[in-house]
Amino acid sequence: MKPFLLTGTLNRSATIFLAIVATAGVLLPALNLLTPDASALHVPTYLVSLFGKYVCYAILALSIDLIWGYCGILSLGHGAFFALGGYAMGMYLMRQIGTRGVYGHPELPDFMVFLNWKELPWYWYGFDQFWFAALMVMLVPGLLAFVFGWFAFRSRVTGVYLSIITQAMTYALLLAFFRNDMGFGGNNGLTDFKDILGYSVQADVTRAGLFAASAIALALGVWATAAITSSKLGKLMIAVRDAESRTRFLGYRPEMVKLFAFTLSAVMAGIAGALYVPQVGIINPGEFAPANSIEVVVWTAVGGRGTIIGPIVGALVVNAGKSWFTGALPELWLFALGGLFVAVTLFLPKGIVGTIQHGWTARRLLIKSREEEKARELSEKQAAAEAAE
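What counts and how
- Residues numbered from 1 in each chain as written.
- Predicted model: local features only at pLDDT ≥ 70, side-chain atom pairs only at ≥ 80, totals over all residues.
- Heavy atoms only, no water.
- Helix = DSSP H or I, 4+ residues; strand = E, 2+ residues; numbered from the N terminus.
- Buried < 20%, exposed > 50% of the residue type's maximum accessible area, 1.4 Å probe, protein only.
- Contact = heavy atoms within 4.5 Å.
- Areas by Shrake-Rupley, 256 points an atom, 1.4 Å probe, with all protein chains shown as cover.
- Lys, Arg positive; Asp, Glu negative; His and termini not counted.
- Charge placed at Lys NZ, Arg CZ, Asp CG, Glu CD.
- Phe/Tyr/Trp six-rings, centres within 6.5 Å; stacked < 30°, edge-to-face > 60°.
- Salt bridge = Lys/Arg side-chain N within 4 Å of Asp/Glu carboxyl O.
- Expected span 1.5 Å × (residues − 1).
- Bend = angle between axes of the 7 residues up to and from the residue.
- Patch = residues over 30% accessible without salt bridge, like charges linked within 9 Å, V, L, I, M, F, W, Y side chains within 5 Å.
- Core = buried A, V, L, I, M, F, W, Y, C linked by side-chain atoms within 4.5 Å.
- pLDDT = per-residue confidence, 0-100.
- Axes fitted to C-alpha atoms, helices over the stretch in contact; angles between N-to-C directions.
- Left-handed = near helix turned anticlockwise from the far one by under 90°.
- Nonpolar A, V, L, I, M, F, W, Y, C, P; charged D, E, K, R; others polar.

> Tell me what's going on with the overall build of the chain, and back it up with residues and numbers.
Assigned secondary structure in the chain consists of 14 helices and 4 strands. The dimensions of the chain, computed from C-alpha atoms along their principal axes, are 105 × 60 × 40 Å. Across the 389 residues of the chain, 44% fall into the buried class. Counting contacts in the chain only where the partners sit at least 6 residues apart, residues at least 24 apart contribute 77% of the total. Counting every atom, the chain has about 19,700 Å² of accessible surface; 66% of that belongs to carbon and sulfur. Across the chain, 28 positive and 23 negative side-chain charges occur, with their mean positions spaced 7 Å apart.

And the structure:
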């Protein structure tokens, strides 16, 4: 495989977006904690948690953009990595409950006591430590993605066939986690969390801290994605997306490029899931549902794949619309989502941000061509005047 450098620079739009995220990460918690409830500038705690959930969804959409927008891998099972990261964090939060549970057992979670488990399963060991849980948040989704991608990409499974088997993967995990004997809470999942790092998950300062942590994770995700995609590796990813066979004939190994992108994307999704769980207060097998993974693809398409900022905008816009629709017109939400996807596909095939970027680029090229034409006309007039003299 030919060598390449994993170095790149942030473009102007990514830099501006990072500044916006950093500002929001500081401003919203400050308005929540430092302003009185009666103030017009006060941001309620429930809105901080809601916005934090949106930011986690944005990280998940960004992970899809990395593989779909830049590497041509359409995954319909990325919700599995999001859920696995969420379960890893949920296991840590359950171990923090201790004797404050309904049954007061110092070690076993309530659902295990209810199901007459006698001892803690081996795969729960270590989750009483935050550092171990944080490691598992990245390692478990990353390892699953690596093993899955190793076999899929080396077998040259592409296109719709790859999309189908990613969906089969998340559906298999959905069925597995529904089982009570798996030791993950079955249908009810993991909930009733008390503390995280010694702080109550219900406290305003904890909610604000979780939002700030989510904003930092999103900023790091944008920086990493922008740096990778603008590097030589990013150019190689785009080459694999647009002409995989030609890339292979040039001496590169497209399967290794795909494997890197797929694994990194799964780690990002796992981090999003881990930040999501303490903010919503529950994780259950429903997060593995294939429909959730498909919805993430819709966010990415609406915002504009291959733009970095587009999927984030799509996640925020669609989920904000979902919050409004499910409250005002709940029976129409699925029709609105489907209609939005159809409308974007027909009229904005590049997505919201992609269309804006395309229009801006076209405008700049038009202005440049007009300036060059004027300069050429002026030089011709000057040449004619000199010839006449």
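Moving on, there is more to tell.
> Go over the packing of aromatic side chains, please, and point to the residues and values.
Applying the stated criterion across every chain, the model contains 22 aromatic pairs. With a centroid separation of 6.3 Å and an interplanar angle of 50°, the aromatic rings of F51 and Y54 are classed as tilted. Here the residue F51 and the residue Y54 both occupy positions in helix α2 (residues 45-71), the gap between them amounting to 3 residues, near one helical turn. Ring plane angle 90° and centroid distance 5.9 Å describe the contact between W131 and F132, whose orientation is recorded as edge-to-face. A relative accessible area of 58% means that W131 is categorised as exposed. Among the aromatic side chains, those forming a connected cluster through ring pairs are Y87, W122, Y123, F177, F184 and F288.

> Can you break down the pattern of salt bridges residue by residue, with the values?
All chains considered together, the criterion is met by 9 salt bridges. Between R248 and E255 there is a salt bridge whose closest N-O contact spans 3.9 Å. The shortest N-O distance in the salt bridge between K322 and E295 comes to 3.5 Å. With K322 in helix α12 (residues 309-328) and E295 in helix α11 (residues 290-303), the pair connects residues that are 27 residues apart, well separated along the chain.

> Can you break down helix α5 (residues 130-154) residue by residue, with the values?
Taking 1.5 Å of rise per residue, 25 residues should cover 36 Å, and α5 covers 36 Å from first to last C-alpha, within 8% of that figure. At M136, α5 shows its maximal kink, close to 25°. What α5 keeps buried is the set A133, M136, V137, P141, G142, A145, F148, G149, A152 and F153. Positioned one or two residues after α5, R156 has a phi angle of 60°, which is positive.

> Account for a nonpolar patch on the surface, naming residues and giving values.
A cluster of nonpolar side chains, W131, L135, L139, L143, F146, V147, W150 and F151, forms an exposed patch at the surface whose accessible area comes to about 810 Å². With respect to the secondary-structure elements, L135 resides in helix α5.

> Explain the side chain of T166 residue by residue, including any values.
Topologically, T166 is positioned in helix α6 (residues 159-177). With sequence-adjacent residues up to four places away left out, T166 is seen in contact with L74, S75, L76, G77 and F148.

> Explain the nonpolar core to me, and be specific about the residues and the numbers.
With 101 residues, the main nonpolar core has W124, L190, M237 and F288 as its most contacted residues. For this core, the element with the highest residue contribution is α2, accounting for 15 residues.

> Could you give an account of unusual backbone geometry, naming the residues involved and the relevant values?
The backbone of N116 sits at a positive phi, close to 65°, despite the residue not being glycine. Within the secondary structure, N116 is located in the loop between α4 (110-114) and α5. Located in the positive-phi region is L197, a residue other than glycine, with phi close to 55°. Among the secondary structure elements, L197 is positioned in the loop between β2 (195-196) and β3 (199-200).

> Can you tell me about α11, naming the residues and giving the values?
The terminal C-alpha atoms of α11 lie 21 Å apart, and with 14 residues this matches the ideal 20 Å at 1.5 Å per residue to within 8%. Here α11 lies mainly inside the structure; 11 of its 14 residues are buried. Among the residues making up α11, those that are buried are P290, S293, E295, V296, V297, V298, W299, T300, A301, V302 and G303. In this fold, the buried residues of α11 make contact with α2, α3 (79-95), α6, α12, α13 (333-347) and α14 (351-388). Immediately downstream of α11, the backbone of G304 shows phi near 120°, a positive value.

> Lay out the confidence of the model for the chain with the relevant residues and their values.
The predicted model of the chain has a mean per-residue pLDDT of 90, with 97% of residues at 70 or higher. Summarising per-element confidence for the chain, the mean pLDDT is lowest in α14 (81) and highest in α5 (97). The low-confidence segment residues 1-8 (pLDDT under 50) makes 24 contacts with residues lying over four places distant or belonging to another chain.

> Before we move on, can you summarise the side chain of K258 with the specific residues and values?
Among the structural elements, K258 can be located in helix α10 (residues 254-280). A residue is classified by how much of its surface remains accessible, and K258, at 6% relative accessible area, is buried. Aside from chain neighbours lying at most four places away, what touches K258 is C71, I73, F153, T158, V240 and E244.

> Before we move on, can you summarise the packing of α11 against α12 with the specific residues and values?
The interhelical angle for the contact between α11 and α12, taken along N-to-C directions, is 115°, at an axis separation of 7 Å. Once α11 is placed against α12, the crossing between them reads as right-handed. For the pair α11 and α12, contact is made by E295, W299, T300, V302 and G303 and by G310, P311, G314, A315, V318, N319 and K322, respectively. Taken together, the residues of the contact of α11 with α12 sort by class into 5 nonpolar, 5 polar and 2 charged.

> Provide a residue-level description of the environment of G351, including the pertinent values.
Along the polypeptide, G351 turns up in helix α14. In sequence terms G351 and P311 are 40 residues apart; their C-alpha atoms lie 8.9 Å from each other. Setting aside its immediate chain neighbours within four residues, G351 contacts A301, V302, G303, G304 and V344.

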